[in-house]
Amino acid sequence: VTEVTSHEMCLDYCYRLNAPACYEDAMKSHEKQRWCEAMQAEMKTLDEHNTFNVCKLPKGKHAIPGKWVYAIKTDANGENHFKARYVAKGCVQRHDSDYDETFAPTAKMSTVRMLMQTCVDEKLHVHQMDVKSAYLNAPIDNEIFVREPEGFKTADENVWRLNKSLYGLKQSGRNWNQTLHNSLVENDFAQSQTDSCLYIRHRGQKKVIILIWVDDLIIATTDLKSLSETKALLSSKFKMKDMGVLSWFLGIRFLINENRTQIEMNQTSFIEKVLEKFGMTNCKPKAVPCDPSVKDLKESDSAVMDDPALYRKIVGSLIYIMTGTRPDISYCVTLLSQFLKQPLEAHLTAAKHVLRYLKGSLDHKLTFVHSQSERLFGFCDADWGALPERRSVTGYCFKMNQHSSYVSWKSKKQQSVALSTCEAEYMGISAAVQEAKFLRKLHEDLKGPVHVELFVDNQSAMALTRNPVQHARSKHIDIRYHFVRCEIESGWISLVFVPSEGNVADVLTKPVSKNSLRRIIVLD
């Protein structure tokens, strides 16, 4: 499951709770009136954007079917909003005739967290805006015909000829992203080369930062005047909804104190909905994310699950929680993700164990506090031969000051078998340096140049990064890992030894005890 897919999938799980699956179900629902109002509102929006023209289907052309998609979205105040959207079935589109390029970027969660740390360090004003019916602002790049929606058909033979990108089409996300990109670039915003969804504009001492997640925008500015001007600019281009001070973004609650020196991020509400969805609301909490025996899941002889979709939904939800605010469940979620193809009952039990742990740690959060520190530091570790197939596990995490939470973390099975602890640690350092290079460049875009310190608990691996020592033991290591030497020689990153008991990344490579979890990684 990719990062972007897991975000969309997990948000969809919560948004569509108790929503009808099709038009017929909506018409039979006891909330029929509210769903009809939602569909009327959608048709009005399509008309306002001049999305289509009604016509007969030309000879030799085919019409793409569509369907009504319903959702009940809950805002930060707990109020439910009934939404209906007419979506084209892009799965039947034909390449080269209905679409060409389809890629559209979304912001990385590490960029969101790094932006939050930047905002408290520089005491920026942080607001959010939402683009209403974003895709309908983008012109369509191919001639596409779509069948009329149920409940609004004018004639059996009539179809829609699209003028704008419709939700569901393969290229709609790309078209919208390009439209927004062009608008920002025209107004002196520079796109970050590190994260293409990050835009920054400098005018003297004034700075404006915009982070994009499809149609949701985070806006950070040095002063209120720049903030008002930016909102006015966006509102002149698109139909916008001003959400005020950042408080609810992608299912994550943000709490900003009055003097803008602290920002908290938590997914308490999202986790509660996930627990409710899977019938775990009243479950007995667990003190740790997983048992030590979780390492042996691959060799389990338990029965195959009758409903593997249930396991996949749970793991998909856990991936989103882990990616957003919970590095403490990274190891076990990474392990559980390896069994999505054919999950066993033992795997489901382990997944529910993580939900039980989340039940007992609902109030855990990330906290970013003001600091004058201008350094980026991280921890890296590897557990040699930890998995039954003798693969090692790499773990790393990074933060921007000692008193704040982490902005980036990762737990990952290594791609090849390591022949020694030194080799496993060396490969782990390689992965950490790659992430450090990304974060350093991102820091340069947001705040300026920074030196990186990476804390490692294996002195043999550290020696190997500086010199080609122990040639007989290291000559077989793939050349892709040796780029670490070049990066260290360049001077922007340095390795620092830390005793194993002080290596924070240890929690990302193996199951840990309750005391170790509290000592190694504190989420408050």
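Residues numbered from 1 in each chain as written. Predicted model: local features only at pLDDT ≥ 70, side-chain atom pairs only at ≥ 80, totals over all residues. Heavy atoms only, no water.

Asker: Whenever I open this one, the overall build of the chain confuses me. Can you help?
Answerer: A tally of helices and strands in the chain yields 15 helices and 21 strands. For the chain, whose C-alpha radius of gyration is 25 Å, the value lies close to the compact-globule estimate of 24 Å for 524 residues. With the principal axes as the frame, the chain shows a C-alpha extent of 75 × 65 × 50 Å. In the chain, which comprises 524 residues, the proportion classed as buried is 55%. Taking the contacts inside the chain whose residues are at least 6 apart along the sequence as the reference set, 75% of them involve residues at least 24 apart. Per element, the accessible surface of the chain, about 23500 Å² overall, is 48% carbon and sulfur. Between the mean site of the 69 positive side-chain charges and the mean site of the 63 negative ones, the chain shows a separation of 0 Å. (Helix = DSSP H or I, 4+ residues; strand = E, 2+ residues; numbered from the N terminus. Rg over C-alpha atoms; globule rule 2.2 N^0.38 Å. Buried < 20%, exposed > 50% of the residue type's maximum accessible area, 1.4 Å probe, protein only. Contact = heavy atoms within 4.5 Å. Areas by Shrake-Rupley, 256 points an atom, 1.4 Å probe, with all protein chains shown as cover. Lys, Arg positive; Asp, Glu negative; His and termini not counted. Charge placed at Lys NZ, Arg CZ, Asp CG, Glu CD.)

Asker: Help me understand helix H4 (residues 109–122) in this model?
Answerer: In an α-helix, one turn spans 3.6 residues, which is why side chains three or four residues apart end up on the same side. The first and last C-alpha atoms of H4 sit 20 Å apart over 14 residues, in line with the 20 Å expected at 1.5 Å per residue. Among the 14 residues that make up H4, 13 are buried, leaving the element largely enclosed by the rest of the structure. Just downstream of H4, Lys123 is the residue with a positive phi angle, here 55°. (Expected span 1.5 Å × (residues − 1).)

Asker: Explain the pattern of salt bridges here, please?
Answerer: If charged atoms from side chains of opposite charge come close, those side chains can pair. Applying the stated criterion to the full structure yields 13 salt bridges. Residue Lys61 pairs with Glu143 through a salt bridge whose shortest N-O separation is 3.0 Å. A residue pair is termed long-range when its members are at least 10 positions apart, and Lys61 in the loop between strand S1 (52–56) and strand S2 (63–64) and Glu143 in the loop between strand S5 (125–131) and strand S6 (145–147) qualify at 82 residues. By relative accessible area, Lys61 is classed as partly exposed at 40%. (Salt bridge = Lys/Arg side-chain N within 4 Å of Asp/Glu carboxyl O.)

Asker: Teacher, can you tell me more about the sheet that holds strand S15 (residues 262–266) here?
Answerer: Sheet strands associate in pairs through backbone hydrogen bonding, adopting either a parallel or an antiparallel arrangement. Strand order in the open sheet formed by four strands is S13-S14-S15-S16, and the pairing between neighbours is antiparallel. Whereas interior strands pair on both sides, the edge strands pair on one side only; in this sheet they are strand S13 (248–249) and strand S16 (366–369). (Pairing = 2+ DSSP bridges.)

Asker: Explain the nonpolar core here, please?
Answerer: Note on soluble globular proteins: their nonpolar side chains tend to be buried together. Core analysis: the biggest nonpolar cluster contains 129 residues, and Met116 and Leu454 have the highest contact counts within it. For this core, the element with the most residues is helix H11 (residues 421–446), which contributes ten residues. Setting aside residues up to four positions removed in sequence, Met116 forms contacts with Val126, Ile218, Leu246, Phe254, Ile263, Met265 and Phe368. Counting 25 residues, the second-largest nonpolar core is a separate cluster that includes Tyr23, Tyr70, Ala84 and Leu162. (Core = buried A, V, L, I, M, F, W, Y, C linked by side-chain atoms within 4.5 Å.)

Asker: Would you explain the packing of H4 against H11 in this entry?
Answerer: The relative placement of two packed helices is expressed as an angle between their axes plus a distance between the axes. Direction vectors running N to C along H4 and H11 enclose 40°, while the axes themselves pass 11 Å from each other. Our classification of the angle between H4 and H11 gives oblique. Considering only the axes of H4 and H11, their crossing is right-handed. Between H4 and H11, the residues in contact are Ser110, Thr111, Met114, Leu115, Thr118 and Glu122 and Glu435, Phe438, Leu439, Leu442, His443 and Leu446, respectively. Along the lines of polarity and charge, the residues of the contact of H4 with H11 split into six nonpolar, four polar and two charged. (Axes fitted to C-alpha atoms, helices over the stretch in contact; angles between N-to-C directions. Parallel < 35°, antiparallel > 145°, perpendicular 65-115°, else oblique. Left-handed = near helix turned anticlockwise from the far one by under 90°. Nonpolar A, V, L, I, M, F, W, Y, C, P; charged D, E, K, R; others polar.)

Asker: What am I meant to see in a positive patch on the surface here?
Answerer: On the surface, Lys73, Lys83, Lys132 and Lys241 cluster together into a positively charged patch. If you trace the backbone, Lys132 turns up in the loop between S5 and S6. By relative accessible area, Lys132 is classed as partly exposed at 36%. (Patch = residues over 30% accessible without salt bridge, like charges linked within 9 Å, V, L, I, M, F, W, Y side chains within 5 Å.)

Asker: Before we go on, may I ask you to explain the environment of Pro511 in this structure?
Answerer: Looking at the element boundaries, Pro511 is found in the loop between strand S21 (493–497) and helix H15 (514–520). In the structure, Pro511 is positioned 411 residues away from Asp100 in sequence and 46 Å away in space, judged by C-alpha atoms.

Asker: Even after reading the chapter, I still don't get the pairing of S5, so can you show me in this structure?
Answerer: Looking along a regular strand, one sees side chains alternate from face to face of the sheet. Of all seven residues in S5, seven are buried, a share of seventy percent or more. Both faces of S5 are covered, namely the face carrying His125, His127, Met129 and Val131 and the face carrying Val126, Gln128 and Asp130. For S5 and strand S11 (residues 216–221), the ladder comprises six bridges, and the chain directions are antiparallel. Bridge pairing in S11 places Met129 opposite Leu217. Where S5 meets strand S12 (residues 240–245), four bridges bridge the pair, whose relative direction is antiparallel. Bridging from a neighbouring strand, Asp130 pairs with Lys241 of S12.

Asker: How do you make sense of a negative patch on the surface when you look at a structure like this?
Answerer: A grouping of Asp96, Asp100, Glu101 and Asp141 is seen on the molecular surface, where their side chains present a negatively charged patch. With respect to the helices and strands, the residue Asp100 is situated in the loop between strand S4 (80–88) and H4.

Asker: Looking at this structure, how should I read the packing of helix H8 (residues 308–324) against helix H10 (residues 345–359)?
Answerer: Across the interface, H8 lies against H10 with an axial gap of 10 Å and an inter-helix angle of 40°. The hand of the H8/H10 crossing is left-handed. Residues Leu310, Tyr311, Ile314, Leu318 and Ile321 of H8 lie in contact with H10, whose contacting residues are His347, Leu348, Ala351, Val354, Leu355 and Leu358. Taken together, the residues that form the contact of H8 with H10 break down as ten nonpolar, one polar and no charged.

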